[in-house]
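# Residue-level structural notes
Chain by chain, the residues:
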Amino acid sequence: MCREQEPPLEDLVCGTAYYCAPEVWVNDYGPKVDVWAAGVVLYLALLGTFPFYDRDPNMVEVMICNMDLEPSYVSPCMKGLGYRISGLARECLEALLVKDPGTTRTASPRPGP
């Protein structure tokens, strides 16, 4: 609000950092980013934390865009209590939180056998 000029449109990132798919950070995105955000919501519901978390939003961007960094799939709140998500839940999260935008990430169910 205090800026004299608005930033260029290509510098505008829409959404809360924790929910932004990698494509959002490079301003090259479409409907698939909503599937990523659904994966973040499910991860949060199952594990009580975001898949990529840091207090600094710039670090969140780095973590999300780093193709070699994966979520831990371990709840920091439930360590020592023996809580683990099921293999199917993890598989679902992995399908939703695909970092490579060239890889299919859709809301459509996989074709059956």
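Here, the structure is the one placed above.
Below: a short report on this structure. (Residues numbered from 1 in each chain as written. Predicted model: local features only at pLDDT ≥ 70, side-chain atom pairs only at ≥ 80, totals over all residues. Heavy atoms only, no water.)

## Some details on the nonpolar core
- Of all hydrophobic cores here, the largest spans 21 residues; its most connected members are W36, Y43, I64 and I85.
- Residue assignment for this core shows that the elements contributing at least two residues are α1 (22-25), α2 (32-47), α3 (57-65) and α4 (87-96).
- If one sorts the elements of this core by residue count, α2 sits on top with five residues.
- When neighbours within four sequence positions are excluded, I85 is seen to be in contact with L46, L47, Y73, R90 and L93. (Core = buried A, V, L, I, M, F, W, Y, C linked by side-chain atoms within 4.5 Å. Buried < 20%, exposed > 50% of the residue type's maximum accessible area, 1.4 Å probe, protein only. Helix = DSSP H or I, 4+ residues; strand = E, 2+ residues; numbered from the N terminus. Contact = heavy atoms within 4.5 Å.)

## Let's talk about unusual backbone geometry
- A positive phi angle is found at Y73, which is not glycine, with a value near 60°.
- Relative to the assigned elements, Y73 resides in the loop between α3 and α4.
- Taking the relative accessible area as the measure of exposure, Y73 reaches 6% and is therefore buried.

## Focus: the side chain of K99
- Counting through the fold element by element, K99 comes out in the segment after α4.
- For K99, the side chain forms a polar contact with the main-chain oxygen of L69, separated by 2.5 Å. (Polar contact = N/O pair within 3.5 Å; in protein donor to acceptor, adjacent residues only side chain to side chain.)

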